[in-house]
Structure formats: structure tokens, C-alpha cells
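Examination of the molecular architecture
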Amino acid sequence: MKHLLIALMLIGITLPLQAQNGLHINDIFEGNIVPKQEIQQKSLMKGNILVPYKLKVLHTVKFMADSLLQEKAEALFTKDMKECLSDDNDNLELENRDGYLYYAIVQLTNTRKGMHRYICYQCRKNADGYSLALAYMEGWATLTELRRMFKKK
């Protein structure tokens with residue numbers, strides 16, 4: 001019984017990581033790029049709590065960055081965007097400010113049975129550098145529905 005419980009815990013830990021597996025920004029979610037002391041918030045939600053939003057998985061990370069880390073995060077996001085962009089007509093929304101990517105929501109390829117995958121990016125410049133937020137979402141919501149639900153602030 002004890003072995004079964006340990007096995008189930010390990011499966012529960014590894015399954016969420018597979019959602020954004022294969023994306024370059026996965027290194028940020030896994031903590032391989034951003035120093036732990038710079039991470040302000042990290043969350044992984046799945047299940048019934050997301051049903052009202054028509055989502056199955058929501059994985060977010062928010063962190064502070066200097067210009068080098070901000071450029072690295074933006075480069076990884078942009079690489080994923082270019083390599084995995086969906087063929088749908090209405091598949092992305094981008095906004096640049098002062099020479100950097102400020103906001104983006106991108107629908108990815110590899111959807112299955114009505115499921116959609118999205119990556120989101122927001123970068124705000126402040127006195128201490130940059131405040132960045134990344135999100136990976138998977139579910140039934142369309143990009144139009146997500147725009148309505150999560151209006152940019």
C-alpha cells in the first residue's frame with residue numbers, strides 16, 4: 001500500500017510537467033533559468049476549479065528579471081511562438097512597447113479532440129527591472145473566450 005501511494009504521488013508530480021513539455025519556456029517553469037529568489041509566484045492548477053474557464057491545466061510563473069533574464073525569457077517565448085504557432089486564423093495577439101515584448105497570447109499546434117494549448121507572456125518594466133509572467137493553458141476555451149475572460153490589465 002505504501003508503494004502504491006508513493007507511485008501515485010510521483011505520477012501526480014510528473015504528469016503536469018508533461019503538459020508544456022517540448023516547449024522552450026518549459027525550462028522557466030521547471031526552475032532551470034530563473035533564480036529561486038526571483039520567483040514571486042508559481043502555481044499549477046488543474047481539475048474542477050478550472051471548468052468555469054473551460055480549461056484543464058493552468059500553469060503560471062511570475063518573476064523579477066534584469067535585462068539579460070528578460071531578453072532570455074522573451075527569446076524562449078518567441079522561439080516557441082514561431083515553432084509551434086497554430087494554423088488557425090485567429091491564433092495570436094502581440095503587443096510590443098519600447099522595443100520589448102509587452103504582452104502575448106499564442107495558440108499552439110498539437111491540439112487534440114477539441115483541446116487547445118496556449119502560452120501567454122506579460123512583461124512590465126519597473127524601477128527594479130522587469131516583472132514577467134508566463135502561463136501555459138490547456139483546455140476547451142477558444143482564444144476569443146480567453147481574451148474575454150482574462151482581459152489584459
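Values in this document were obtained by computation on a predicted structure and should not be read as measured data.

**Concerning the overall build of the chain**
Tallying secondary structure elements over the chain gives 4 helices and 6 strands in all. Going from N to C terminus, the chain has its helices and strands arranged as α-α-β-β-α-β-β-β-β-α. Here the chain, with 153 residues, has 41% of them falling under the buried criterion. Expressed as a percentage of contacts within the chain between residues at least 6 apart in sequence, the contacts between residues at least 24 apart total 56%. Accessible surface computed for the chain: about 9200 Å², of which carbon and sulfur atoms make up 55%.

**A few points about the side chain of Glu138**
Take Glu138: it is sitting in strand β6 (residues 129-139). Reaching out from Glu138, the side chain makes a polar contact with the side chain of Tyr136 at a distance of 2.7 Å.

**Looking at the sheet that holds strand β1 (residues 39-46)**
One open sheet holds the 6 strands; their spatial order is β1-β2-β6-β5-β4-β3, and the pairing between them is antiparallel. Lying at the two open borders of the sheet, with one neighbouring strand each, are β1 and β3 (92-97). Shown here is a sheet whose adjacent strand axes are inclined to one another by a mean of 10°, direction ignored. Relative to strand β5 (residues 116-126), strand β4 (residues 100-108) runs antiparallel, the two being bridged by 6 bridges. Across the sheet, the residue bridging to Ile105 is Cys120, located in β5.

**What to know about the pairing of β4**
Burial runs high along β4: 9 of the 9 residues are buried. The pairing of β3 with β4 spans 6 bridges and is classified as antiparallel. Its bridge partner being in β4, Glu95 is matched across the sheet by Tyr103. Taking the residues between adjacent antiparallel strands as the criterion, β3 and β4 are bridged by 2 residues, where Asp98 takes a positive phi near 50°.

**Points about unusual backbone geometry**
The phi torsion at Lys54 lies on the positive side, around 60°, for a residue other than glycine. Relative to the helices and strands, Lys54 is located in the loop between β1 and β2 (55-65). The phi angle at Asp98 is positive, at roughly 50°, despite the residue not being glycine. Tracing the sequence through the fold places Asp98 in the loop between β3 and β4. Looking at Asp98, the relative accessible area reads 74%, which means it is exposed.

**Digging into the packing of aromatic side chains**
Under the defined criterion, the tally for this structure stands at 2 aromatic pairs. Look at Phe77 and Tyr121: their rings are 5.2 Å apart centre to centre, the planes differ by 40°, and that puts the pair in the tilted class. Residue Phe77 is found in helix α3 (residues 67-84), and its partner Tyr121 is found in strand β5; the two are separated by 44 residues along the sequence. For the pair shown, Phe77 and Tyr121 are each scored as buried. With a centroid separation of 5.6 Å and 80° between ring planes, the pair formed by Tyr100 and Tyr130 is classed as edge-to-face. Placement of the pair is Tyr100 in strand β4 and Tyr130 in strand β6, with a sequence separation of 30 residues. Residue class for Tyr130 comes out buried when judged on its relative accessible area of 11%.

Rules used throughout
- Residues numbered from 1 in each chain as written.
- Predicted model: local features only at pLDDT ≥ 70, side-chain atom pairs only at ≥ 80, totals over all residues.
- Heavy atoms only, no water.
- Helix = DSSP H or I, 4+ residues; strand = E, 2+ residues; numbered from the N terminus.
- Buried < 20%, exposed > 50% of the residue type's maximum accessible area, 1.4 Å probe, protein only.
- Contact = heavy atoms within 4.5 Å.
- Areas by Shrake-Rupley, 256 points an atom, 1.4 Å probe, with all protein chains shown as cover.
- Polar contact = N/O pair within 3.5 Å; in protein donor to acceptor, adjacent residues only side chain to side chain.
- Pairing = 2+ DSSP bridges.
- Axes fitted to C-alpha atoms, helices over the stretch in contact; angles between N-to-C directions.
- Phe/Tyr/Trp six-rings, centres within 6.5 Å; stacked < 30°, edge-to-face > 60°.

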